[in-house]
Amino acid sequence: MASHNLLLPKPIINQSAHSLSFKPHSTLLSFPARSSPATVTTAVSRTDGASISSRLEPVENYAITAAEDVRRRDREAKETKSLRDTWRKIQGEDDWAGLMDPMDPVLRSELIRYGELAQACYDAFDFDPFSRYCGSCRFTRHKLFDSLGIFDSGYEVARYLYATSNINLPNFFSKSRWSKVWSKNANWMGYVAVSDDSEATRRRLGRRDIAIAWRGTVTQLEWIADLKDFLKPVSGNGFRCRDPAVKAESGFLDLYTDKDTSCNFSKFSAREQLLTEVKRLVERYGDEEEDLSITVTGHSLGGALAVLSAYDVAEMGLNRTKKGKVVPVTVFTYSAPRVGNIRFKERMEELGVKVLRVVNKHDVVPKSPGLFLNEHAPDALKQLAGGLPWCYCHVGEKLALDHQNSPFLKPSVDLSTSHNLEALLHLLDGYHGKGQRFVLSSGRDPALVNKASDFLKDHFMVPPYWRQDANKGMVRSTDGRWIQPDRIRAEDHHAPDIHHLLSQLHRPSS
C-alpha cells in the first residue's frame, strides 16, 4: 500500500442495491459502479461489521419499515426519470422549482456527488505543519480520485489550482514549519475536472460536464475574523465588468486574483489558471454534438470562490462557444458565506448563472459577512444602505437543513461541527422535505461525519477525527531510513500554452 494511503480496516462488502465497488487497499470513499444514471454515491464504511445506520436502537424512534418505504419511493421515482433526461432542471434551469420540497431524489444524488467532489479537496490536502509539503495536494492530478478511493467517478482532473498566501487571510492558509518546503507562498486550492469519454459516464450524465472544485476550511473558522468585510468593485481586480456598482468582498477578490511572480505555482493568479483552463475545455468540447455544462462547487470559503469564479466565467463570456452556443453555468455551494452586494446578485442573474446554496441553519458562516445589512433587511433600509461597503446579499436559491433532525448527530450547536461538510452531506442524504422524517436515502455511511469532527452521538462508537495518514506520509527508503518522498510532479505545473490563452483572454470582447 502506498505510504500516503489511510489506515482503514478491511472493508465489509455489502451486496445490496447500495453496495460499493471496492479495490484492494482502498483508502477513503468510493463512487459505486452505477447501474442507472441516478444511482447515488455511497462511501466506505468505517465501522466493523455493518454500517452504523443498521444498528440504530428503537429508542431513536427510527421506524425501519417507514424508512424502507421512503427508500422504495425514491427508487421508484428514479426509475421514472433519470439524470440523463432531466439534467438541465437539476442544473437549475427553472431555479429548482418544485425539486426541493419534497426533495427530488435525483437532485439529492447530484448535490451529494458534487459535495463529495468538494470534499475531495480536503481529503487530498496536506494540513500537516511538520510536512515539507504542507499546503499542497498529497496526490498527483492524474491519480487524485483513485488515490482517494473514488473509483469510477467519471471525471479526469485537467488542472490543479493554486493561490498565493501573500494576502491578509493568515488563518486560511497552511504552511510548513520547515525551512526547505515545496513553496513558501503557495497553497493548493482545488482543481478543474472534465467528465470522461466512457459510454457509462455519458449515459449517466446526459452531457459532458466541466467540474470546478474549490477548497475551503474543514472546521477552523478563524478566517472569518480575517475578512475585511469591505466591498469593492470587481472591475478593480481585472474583471470584465463596466458597472462599478458590482462589488464583492475584498478578501475573496484578493485571494482569487493575486499572484506571486517569484513562485512557480502562483506566478499566475487562481483566476488566470481557472479561466485559461475553462477556455481550453470549452473550445475543445463546446461545439460537439454532445451538450456541455459547467458546474462549480465549494464548501465554506471555497463556496465563495465558486460563486465568484462562476460569475467571472460568465462575465468573460467563456460559456459561449465559437458557434454561439451558451453553456449553462451552475454553482452548488455548501455552508458558503455571502460574496457581494445586491448589484453583484443582480448581475449574476442577468448572466444566467444558477446558484443553489446548501446550509445548516445553525451554521454562522452563511450569515457572514453582512450580519446586519443583508438581503433580509427592509427594502427601505437596503435602498438607503445599498451603496455602503458593508451591505451584502446572498445569490441564488437556498436549501436549509437542520442537524437536530438527524438521529445520528449530537443536537448541541457547535460552530465548527455545524459547519462540517461531511455532516452536511449526511443531512442531504436524510432530507426528504420540510416536516418529513429523517431517513437516509442512499445508505451513505454516517461514520464519515466523524472523519474530521466529533459530531456523531457517542453510542455509535465511532472515534472522532478518525481520518489519518499512514505514518504521516513517511516511507522507508532502500537503505532503511524513514523519509518524506518527493511529491511535486511536473504535470501539476502550469500548462505551457497558458501565456497564449491569457493573451486571448485580455483581448477586448466583441
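Residues numbered from 1 in each chain as written. Predicted model: local features only at pLDDT ≥ 70, side-chain atom pairs only at ≥ 80, totals over all residues. Heavy atoms only, no water.

Draft legend 1. Up close: helix 3 (residues 105–123). Along its 19 residues, helix 3 runs 26 Å from first to last C-alpha, staying within 8% of the 27 Å computed at 1.5 Å per residue. Of all 19 residues in helix 3, 19 are buried, a share of seventy percent or more. Taking the backbone nitrogen of Val106 as reference, a side-chain oxygen 2.9 Å away marks Asp104 as the first, capping residue of helix 3. (Helix = DSSP H or I, 4+ residues; strand = E, 2+ residues; numbered from the N terminus. Expected span 1.5 Å × (residues − 1). Buried < 20%, exposed > 50% of the residue type's maximum accessible area, 1.4 Å probe, protein only. Polar contact = N/O pair within 3.5 Å; in protein donor to acceptor, adjacent residues only side chain to side chain.)

Draft legend 2. Geometry of the pattern of salt bridges. The final tally for this structure, using the stated rule, is 36 salt bridges. A salt bridge links Asp291 to Arg88; the nearest nitrogen and oxygen atoms lie 3.6 Å apart. Of this pair, Asp291 sits in the loop between helix 8 (270–285) and strand 6 (292–299) while Arg88 sits in helix 2 (residues 83–90); the two residues are 203 residues apart in sequence, bridging distant segments of the chain. Relative accessible area serves as the criterion here: at 30%, Asp291 is assigned to the partly exposed category. Measuring nitrogen to oxygen at the nearest pair gives 3.2 Å for the salt bridge that ties Lys451 to Asp123. Here the residue Lys451 occupies a position in the loop between helix 12 (421–430) and strand 10 (475–476), and Asp123 occupies one in helix 3, the gap between them amounting to 328 residues. Residue classification places Lys451 among the buried residues on the basis of a relative accessible area of 3%. Overlapping salt bridges, with partners in common, bring together Glu116, Asp123, Arg138, Glu422, Arg444, Lys451, Arg467 and Asp469 in one network. (Salt bridge = Lys/Arg side-chain N within 4 Å of Asp/Glu carboxyl O.)

Draft legend 3. Just the pairing of strand 7 (residues 329–334), in detail. With six of its six residues buried, strand 7 lies for the most part within the structure. Neither face of strand 7 is left uncovered, since the one carrying Val329, Val331 and Thr333 and the one carrying Thr330, Phe332 and Tyr334 both have all their residues buried. Direction of pairing for strand 6 relative to strand 7: parallel, over a ladder of six bridges. Each bridged residue has a counterpart across the sheet, and for Val296 the counterpart in strand 7 is Val331. Between strand 6 and its parallel partner strand 7, the chain crosses via helix 9 (residues 301–315), and the hand of that crossover is right-handed. Note that strand 7 and strand 8 (residues 354–360) share five bridges and pair parallel. (Pairing = 2+ DSSP bridges. Right-handed = clockwise from strand over helix to strand, strands pointing away.)

Draft legend 4. Highlighting helix 13 (residues 498–505). All of the buried residues in helix 13 are Ile498, Leu501, Leu502 and Leu505. Seen from one end, helix 13 has its buried residues packed into an arc of 100°, which puts them on one side. Those residues of helix 13 that are buried are in contact with strand 1 (155–164) and helix 8. (Arc of directions from axis to C-beta. Contact = heavy atoms within 4.5 Å.)

By themselves these figures say nothing about function.
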